[in-house]
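Given next are the chains, with one letter for each unit.
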Amino acid sequence: MLLRAQPRPPVGAFSFLILVLAAIVIAACGGSAPGRTSAQSGPAAAPAQTAASASGVTRDTAVAEGVDPAEDATSGPSATSPGAGPVRRIVSLAPNITEILFALGFGDRVVGVTEFCNYPPEALRLPKVGGFVNPNAEVILALHPDLVVATPNVGNRAFVERLIAVGARVVVVQARDVAEIDPAIKAIANAAGDPRAGRALVARLRADLDRERGRVASLPRTRTLFCIQVEPLVVAGRGSYPGDLIELAGGENIVPASAGQYPNFSLEAVVAAAPDSIVQSLMDTREGATGGDRLMAFWGRLGSIPAVKGKRVFAVPGDVVLRPGPRVAQGVAALIALLHPEAAPEAPATSVPK
Amino acid sequence: MKRFTLPRLIGVTAILGAVLVVVVVLAMGIGATQVPVLQTLFGSSGGSPEEALRAREILLGLRLPRILLAALVGGALACSGATFQAVLRNPLADPYILGVSGGAALGAIATAAFGLDRAPGGWALRPLAAFAGSASTIFLIFLLARLRGRASNYPMLLTGVVVNAFFSALILFIITVADYTRFQQVFFWLVGNIEPPPWPTLAALAVALAGGFAVLYLLAGRMNLMSLGEEEARALGVDVNRVKRTAILVASFVTAAAVSWSGLVGFVGLMVPHAVRLIWGPDHRILLPACALGGAAFLVAADTGARTIMAPIEMPVGIITAAIGAPFFLFLFQREKGGRYFD
């Protein structure tokens, strides 16, 4: 909270601070002497740094755009892969990173993904390096990656440090909300040695987002609850990724900002806030079509909620609305189709997954 | 020792019943939202029909069932704690510490994680699996402790702690292999959490617990004799093994019924019986009803804290009971140091 609330200092001063901190942390850790991490600086350094420190990940693995290998604070061989030459073998440690890699056109260079990387479909056929929280270092190293892309995650800091210690080149990018997607994409593109692909993808995503936003710009906001799960009720607060999507799709999140990003929320407070729409992401595709029925079974008893009375309780596939990545505009479009069907271009883009 | 008389039973029940009513009324009055309680429940509220409906839903659809569930679970855990303490002759016996709750949780989580509870008729499966888990746990603990000679206190508690740890490992294993998306749900479950239940659930639970309580109360006199010592009880004509078996089975059933709806709420079965004993003495004919009412009042109060302290954010009630209960456990431990319980 504290870190997020801080006003951001001017970029130049900030990136210098990162470099200094990176040097200190690396020196203090000692272990990462062979670490070919990149701590780069540039215009987008601020968000990436904030993210990294807020999540407790050391700054030696914080990466942002604006690559200049010469600026690398760690040690000589870095930013571009060891032994120079282009990056040919990439391992992704998160589903949204896999999506970014494919969207950048690096799909044919991805040699390993997590068990949860199910998009694009090509990713399903790639070797699995383990789960999201518990990837397997031996499997990763056996794939001989010249780049591993990770994201800060509960409990994976030690894991990433270990990978670095044994000589893997790791970049850590953080994309937790819509604003962090662009810097994450650029950082990955830079690390793979193709900054132009990053700029092109970012420009495309911005255009897509602007188009979606334009559809609902003049419409009244729909009071919306985005729920991650019921029993216990966990909802998306402001500043979370789904929270951002709700706002972009012409919704107004009924969860107060003080509640944090993913609070265990009071049902009473939901009844009192009287949302016009309730959206629930289905994380587990195995729930299939019954997901929607179970939703109504849960909410049905609270008929005073306008969303329940008007049957505007929707299930959406979690992939599209929970993963900060290149499908952000699709996520917004999916929500617009639900919150503002009058503004959606054609048939709803989402339905309960098969 | 304070003697049992009918007026004393009525007096104690009346006092604790009044406490429970006061706690429930206060709990109805506070929540994450401001609701005009009296106008909503009795007569017309000044607001629009929508507001009135909303207030009714909050009070009668969410707050009241949740309060009643907390009351049932609290009463059940306190009674089963008192029973375990009597028949195992161990003041630190408690369904949570003995691992009985853990066994119930393992059964319930296993059915939920593999989606069995969503099959037709599956709603009955979860409590049944919980019961299977809790009953087999207590018998396992009993057997293992017996292997060391007699079922004495230290081995039995330690066995419970170890069995509990083993069940936690199994539960975490199930989450890992079965369904990571349920992690938060299972986490709340492991800590102990009360959700507003549907009315049929409440009714079924109330019937099951009333039955369990009736059986335990019939055994109350024999539990009194057994807490003197098994030899003494046997000499007085008590079929010790049979009473023990019945009491343990029923207490496990009661625990499982509670745990299958609330998860692992800890320490209620430890604190409440001891507090009641301190005030009104150890006669089970008074202790059991007092535990039912006192446990109910305690858990309703704790759950009211869980849903209001950080409102509109909620936390699992088990955090509160553990925060109060763990120091209480240490207090008992200190108090009994060198006493007969830690042989």
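Residues numbered from 1 in each chain as written. Chains lettered and ligands numbered in written order. Predicted model: local features only at pLDDT ≥ 70, side-chain atom pairs only at ≥ 80, totals over all residues. Heavy atoms only, no water.

Before going further, it helps to examine the pairing of strand E8 (residues 277–282) of chain A. Regular strands show a simple pattern: their side chains alternate between the two faces of the sheet. Residues and elements named next belong to chain A. Within E8, six of the six residues are buried, which leaves it mostly tucked inside the rest of the structure. On E8, burial covers both faces: Ser-277, Val-279 and Ser-281 on one face and Ile-278, Gln-280 and Leu-282 on the other are all buried. Strand direction decides the pairing type here: strand E5 (residues 222–229) and E8, joined by four bridges, are parallel. Residue pairing in the sheet places Phe-226 in a bridge with Val-279 of E8. (Buried < 20%, exposed > 50% of the residue type's maximum accessible area, 1.4 Å probe, protein only. Helix = DSSP H or I, 4+ residues; strand = E, 2+ residues; numbered from the N terminus. Pairing = 2+ DSSP bridges.)

Here we come to the pattern of salt bridges. All names here are of chain A. Throughout the structure, instances matching the rule amount to 21 salt bridges over all chains. The shortest N-O distance in the salt bridge between Glu-212 and Arg-211 comes to 3.0 Å. Sharing partners across several salt bridges, the network here consists of Glu-99, Asp-319, Arg-323 and Arg-327. (Salt bridge = Lys/Arg side-chain N within 4 Å of Asp/Glu carboxyl O.)

This next bit is on the sheet that holds strand E1 (residues 90–92) of chain A. Residues and elements named next belong to chain A. Judged by pairing direction, the sheet is parallel, and its four strands sit side by side in the order E2-E1-E3-E4 without closing on themselves. The sheet is open, and its two borders are formed by strand E2 (110–112) and strand E4 (170–172), each paired with just one other strand. Going from strand to strand, the sheet's axes swing by 30° on average, the running direction of each strand aside. Relative to the sheet, helix H4 (residues 95–103) contacts E1, E2 and strand E3 (147–150), its axis offset from that of E1 by approximately 140°. (Axes fitted to C-alpha atoms, helices over the stretch in contact; angles between N-to-C directions. Contact = heavy atoms within 4.5 Å.)

Let us now look at the confidence of the model for chain A. Residues and elements named next belong to chain A. The predicted model of chain A averages 75 in pLDDT, with 69% of residues at 70 or higher. For the stretch residues 1–84, pLDDT sits under 50, and the model shows 126 contacts to residues farther than four places along the chain or on other chains. Long-range and interchain partners of residues 348–354, a stretch whose pLDDT sits below 50, account for 20 contacts in this model, where long-range means more than four residues apart. (pLDDT = per-residue confidence, 0-100.)

Let's shift gears to the packing of aromatic side chains. Counted according to the given criterion, the structure contains six aromatic pairs over all chains. Seen from their ring centres, Phe-298 of chain A and Trp-299 of chain A are 5.1 Å apart, and the 85° between their planes marks the pair as edge-to-face. For the pair shown, Phe-298 of chain A and Trp-299 of chain A are each scored as buried. Look at Phe-131 of chain B and Phe-253 of chain B: their rings are 5.4 Å apart centre to centre, the planes differ by 90°, and that puts the pair in the edge-to-face class. Separated by 122 residues along the polypeptide, Phe-131 of chain B in helix H6 (residues 125–147) and Phe-253 of chain B in helix H12 (residues 240–262) bring together distant segments of the chain. Cation over ring: Arg-301 of chain A sits above Phe-298 of chain A, and NZ or CZ is 5.3 Å from the ring centre. For Arg-327 of chain A, the ring lying beneath its charged end belongs to Tyr-119 of chain A, and the centroid distance is 3.5 Å. (Phe/Tyr/Trp six-rings, centres within 6.5 Å; stacked < 30°, edge-to-face > 60°. Lys NZ or Arg CZ within 6 Å of the ring centre and 35° of its normal.)

Next up on the list: the packing of helix H3 (residues 49–87) of chain B against H12 of chain B. The description of two packed helices rests on the angle between their axes and on the distance between the axes. Residues and elements named next belong to chain B. Axis separation between H3 and H12 bottoms out at 9 Å; the angle between their running directions is 155°. Looking at the two axes, H3 sits roughly antiparallel to H12. H3 and H12 meet at a crossing whose hand is left-handed. Residues Leu-69, Val-73, Ala-76, Leu-77, Ser-80, Thr-83, Phe-84 and Val-87 of H3 form the contact with H12, whose participating residues are Lys-244, Ala-247, Ile-248, Ala-251, Ser-252, Val-254, Thr-255, Ala-258, Trp-261 and Ser-262. Of the residues in the contact of H3 with H12, the class split is twelve nonpolar, five polar and one charged. (Parallel < 35°, antiparallel > 145°, perpendicular 65-115°, else oblique. Left-handed = near helix turned anticlockwise from the far one by under 90°. Nonpolar A, V, L, I, M, F, W, Y, C, P; charged D, E, K, R; others polar.)

Relative to the helices and strands, Arg-307 of chain B is located in helix H14 (residues 284–308). Judged by relative accessible area, Arg-307 of chain B falls into the buried class, the value being 3%.

Here the focus is helix H6 (residues 157–165) of chain A. Residues and elements named next belong to chain A. Turning to H6, its buried residues are Phe-159, Val-160, Leu-163 and Ile-164. Each buried residue of H6 lies within a common arc of 140° when the element is viewed along its axis, so the set occupies one face. In this structure, the buried residues of H6 make contact with helix H5 (137–142), E3 and E4. (Arc of directions from axis to C-beta.)

With that out of the way, let us pick up the interface of chain B and chain A. At the junction of the two partners, chain B supplies 28 residues and chain A supplies 27 residues. Contact with chain A buries area across many residues of chain B, yet Glu-57, Leu-62 and Pro-312 of chain B alone supply 22% of it, more than any other trio. A salt bridge links Glu-268 of chain A to Arg-307 of chain B, with the shortest nitrogen-to-oxygen separation between them at 3.6 Å. Where chain B meets chain A, there are eight residue pairs in polar contact (both at pLDDT 80 or more). Looking at the side of chain B that touches chain A, the elements with two or more residues in it are H3 and helix H8 (183–191) of chain B. With seven residues, the single largest contributor to the side of chain B that touches chain A is H3 of chain B. Within the side of chain B that touches chain A, the residues separate by chemical class into twelve nonpolar, seven polar and nine charged. (Buried area = accessible area lost by both parts, 1.4 Å probe. Polar contact = N/O pair within 3.5 Å; in protein donor to acceptor, adjacent residues only side chain to side chain.)

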